[in-house]
Amino acid sequence: MKNIKVFLLFAASVMAGSSIIKAQNKKPDEVNTMIESRNYIFKARTVNPQNSVSRQLTSEYDLTVSRDTIISYLPYFGRAYVAPINPSEGGIKFTSPKFEYNPVKDEK
């Protein structure tokens, strides 16, 4: 029974890793299509605070863009004068139907 649990845990970690690899191996044309269609999810994994070194994020943070709504759940690095009662309500959380979307293609 213990071997089955170890195998299932191993299999789950391999499948999770393979889905991450697939997401990272998108062709530039596919990425451009997603950006131009205004329908994608940006998952934040690393941050570069202004006066600090780069850090790996330990929680799930993302920015969801669709044609009519943008949903943000991103980390906040700075001084907070009032802390939220619920720690999961920290960071930059908002949903907005009012936004401008102008994709600009960089030469790089």
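In what follows, the structure referred to is the one given above.
Here's what I pulled together on the structure shown here. Not measured: the values here are computed from a predicted model.

1. Some remarks on the overall build of the chain
Working step 1: Along its length, the chain carries 2 helices and 4 strands.
Working step 2: Element order for the chain, N to C, with α for helix and β for strand: α-α-β-β-β-β.
Working step 3: Sorting the 108 residues of the chain into buried and exposed places 11% on the buried side.
Working step 4: Long-range contacts, defined here as pairs at least 24 residues apart, represent 37% of the contacts in the chain between residues at least 6 apart.
Working step 5: Carbon and sulfur atoms form 57% of the exposed surface of the chain, whose accessible area is close to 9,700 Å².

2. Quick notes on a nonpolar patch on the surface
Working step 1: Taken together, the side chains of Val 31, Met 34 and Ile 35 define a hydrophobic patch exposed on the protein surface, amounting to about 180 Å² of accessible area.
Working step 2: Following the sequence through the fold, Ile 35 ends up in helix α2 (residues 28–37).

3. A few points about the sheet that holds strand β4 (residues 92–96)
Working step 1: Reading across the sheet, the 4 strands line up as β1-β2-β3-β4 and stay open at both edges, with antiparallel pairing between neighbours. Two strands close off the open sheet at either side, each with one partner strand: β1 (40–47) and β4. The average angle at which neighbouring strand axes cross in this sheet is 10°, direction not considered.
Working step 2: Pairing of strand β3 (residues 70–74) with β4, which is carried by 5 bridges, proceeds in the antiparallel orientation. What sits directly across from Ile 71, in β4, is Thr 95.

Procedures and definitions
Residues numbered from 1 in each chain as written. Predicted model: local features only at pLDDT ≥ 70, side-chain atom pairs only at ≥ 80, totals over all residues. Heavy atoms only, no water. Helix = DSSP H or I, 4+ residues; strand = E, 2+ residues; numbered from the N terminus. Buried < 20%, exposed > 50% of the residue type's maximum accessible area, 1.4 Å probe, protein only. Contact = heavy atoms within 4.5 Å. Areas by Shrake-Rupley, 256 points an atom, 1.4 Å probe, with all protein chains shown as cover. Patch = residues over 30% accessible without salt bridge, like charges linked within 9 Å, V, L, I, M, F, W, Y side chains within 5 Å. Salt bridge = Lys/Arg side-chain N within 4 Å of Asp/Glu carboxyl O. Pairing = 2+ DSSP bridges. Axes fitted to C-alpha atoms, helices over the stretch in contact; angles between N-to-C directions.

Any link to function would need more than the numbers given here.
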